[in-house]
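# A look at the structure
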Amino acid sequence: NLELNQVNFYLVDERYVPIDFTDSNFKLIYESLIRHKKIKSFSFFDTNLEIKESLKAYSEKLLLIPNRVFDLIILGIGSDGHIASLFPQTIENLQENQLTMHTKTNIFNVKNRLTITPSMILKAKKILVLLQGEEKKDIITELIDGKKDLNNFPAKILNDHANTTIHYLEN
């Protein structure tokens, strides 16, 4: 049995807002999972810093992970095919050894995002994708059989991972 106090938690991506804002992934995870549990550690993007400094600080934390390999990454997929904060038209500018990156989106209120890179995601031992709702059926179809390329549907990187599980709930 794995105890939560034996687990190191890392945030995959974050909206560039103060951590106490409603839109903060940190706030959501902290309030729903971490606050009342005995968690060994929870690493996150420090959005109190400038974007470049936040990315640098988080990259330094990621360098401490043995071989920079996560045991498990849990993701969702957006209706535009984004995972983490890897939106369409954001992957093409990626540098090879980058661990984190700044992306932008025009389809959500919070435009600036911070995320780990596709290479960090694909190194994970296991990836679990959680999808819910009727509208996500099209996402699964596009992921498996669709014609969009990786730059237009970033979730397609998951097709390159040997141990990805998709858990779908209709409602």
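Everything that follows concerns the structure shown earlier in this document.
Reference entry: report on the structure contained in this document.

Scoring rules and cut-offs
Residues numbered from 1 in each chain as written. Predicted model: local features only at pLDDT ≥ 70, side-chain atom pairs only at ≥ 80, totals over all residues. Heavy atoms only, no water. Phe/Tyr/Trp six-rings, centres within 6.5 Å; stacked < 30°, edge-to-face > 60°. Helix = DSSP H or I, 4+ residues; strand = E, 2+ residues; numbered from the N terminus. Lys NZ or Arg CZ within 6 Å of the ring centre and 35° of its normal. Pairing = 2+ DSSP bridges. Axes fitted to C-alpha atoms, helices over the stretch in contact; angles between N-to-C directions. Contact = heavy atoms within 4.5 Å.

## Topic: the packing of aromatic side chains
Taken as a whole and judged by the stated rule, the model has seven aromatic pairs. Here Phe26 and Tyr30 contribute two aromatic rings whose centre-to-centre distance is 5.6 Å and whose plane-to-plane angle is 15°, an arrangement assigned as stacked. A residue pair is termed a helical-turn pair when its members lie 3 or 4 positions apart in one helix, as Phe26 and Tyr30 do in helix H1 (residues 25-34) at four residues. In this structure an aromatic cluster arises from ring pairing among Phe26, Tyr30, Phe42 and Phe44. Seen from the ring of Phe44, Lys61 lies directly overhead, with NZ or CZ sitting 5.2 Å from the centre.

## Description of the sheet that holds strand E5 (residues 100-104)
Strand order across the open sheet formed by three strands is E2-E6-E5, with antiparallel pairing between neighbours. Either end of the sheet is taken by a strand with one partner, and the two such strands are strand E2 (13-15) and E5. Ignoring strand direction, the axes of neighbouring strands in this sheet form an average angle of 20°.

## A few points about the sheet that holds strand E8 (residues 164-169)
As summarised here, the arrangement of the three strands in space is E4-E7-E8, forming an open sheet in which the pairing is parallel. In this open sheet, the two strands that pair with only one neighbour each are strand E4 (72-75) and E8. Strand-to-strand twist in this sheet, taken as the mean axis angle between neighbours without regard to direction, amounts to 15°. Here E4 pairs with strand E7 (residues 126-132) via four bridges, running parallel. Bridge pairing links Leu75 to Val129 in E7. With respect to the sheet, helix H4 (residues 136-145) is in contact with E7 and E8, its orientation differing from that of E8 by roughly 155°.

## Focus on the environment of Phe153
With respect to the secondary-structure elements, Phe153 resides in the loop between H4 and E8. Sequence separation between Phe153 and Ser41 is 112 residues, and the spatial gap between their C-alpha atoms is 32 Å. When sequence neighbours within four positions are dropped, the list of residues in contact with Phe153 reads Asp80, Gly81, Ile139, Glu142, Leu143 and Lys148.

These results come straight from atomic positions and should not be treated as a statement about function.
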